[in-house]
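# Observations on chain architecture
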Amino acid sequence: MGILRKSSTSGDVPKCHCALYVGESQKKRFVVPVSYLNQPSFQDLLAQAEEEFGFDHPIGGLTIHCKEDVFIDLTTRLGRL
């Protein structure tokens, strides 16, 4: 399984990965394996973000409004599966 990575440019998303913007006020871009999207805990986080903020993503990418450390903790646990 791929490792969670912070990413700064839009052209560096490897095959079978997706870019996400994470944070409460200031968003940071992360690249994660698409396999994370099938994990129930990740789906719960996405559903929570959708319920609170909808699908309006002004940055242009999928945005998850949560604390960065919560996201990193979740993806670190998923990387161990």
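Residues numbered from 1 in each chain as written. Predicted model: local features only at pLDDT ≥ 70, side-chain atom pairs only at ≥ 80, totals over all residues. Heavy atoms only, no water.

## A look at the overall build of the protein chain
If you tally the helices and strands in the protein chain, you get 2 helices and 4 strands. For the protein chain, the succession of helices and strands along the chain, N to C, is β-β-β-α-β-α. Here the protein chain, with 81 residues, has 30% of them falling under the buried criterion. Sequence-distant contacts in the protein chain: of pairs separated by 6 or more residues, those separated by 24 or more amount to 53%. (Helix = DSSP H or I, 4+ residues; strand = E, 2+ residues; numbered from the N terminus. Buried < 20%, exposed > 50% of the residue type's maximum accessible area, 1.4 Å probe, protein only. Contact = heavy atoms within 4.5 Å.)

## Focus on helix α1 (residues 40-53)
For α1, which comprises 14 residues, the first-to-last C-alpha distance of 20 Å matches the rise-based estimate of 20 Å (1.5 Å per residue) to within 8%. Contacts made by the buried residues of α1 are with β2 (17-22), β4 (62-64) and α2 (68-79). Within two residues after α1, G54 carries a phi angle of roughly 70 degrees, on the positive side. (Expected span 1.5 Å × (residues − 1).)

## Quick look at the pairing of β2
Put simply, side chains in a regular strand alternate between the two faces of the sheet. Bridge count for β2 against strand β3 (residues 28-33) is 6 bridges, and the pairing is antiparallel. When the sheet's bridge partners are listed, H17 is paired in β3 with P33. In sequence, β2 turns back onto β3 through a hairpin of 5 residues, with G23 there showing a positive phi of about 145 degrees. Bridge analysis of β2 against β4 gives 3 bridges, and the strand direction is parallel. Directly across from V22, in β4, lies its bridge partner I64. (Pairing = 2+ DSSP bridges.)

## Digging into the pattern of salt bridges
Tallied over the full model, the rule gives 2 salt bridges. Between R77 and D73 there is a salt bridge, with the nearest N and O atoms lying 3.2 Å from each other. Remark: D73 and R77 occur in helix α2; sequence separation between them is 4 residues, near one turn of the helix. Looking at D73, the relative accessible area reads 41%, which means it is partly exposed. (Salt bridge = Lys/Arg side-chain N within 4 Å of Asp/Glu carboxyl O.)

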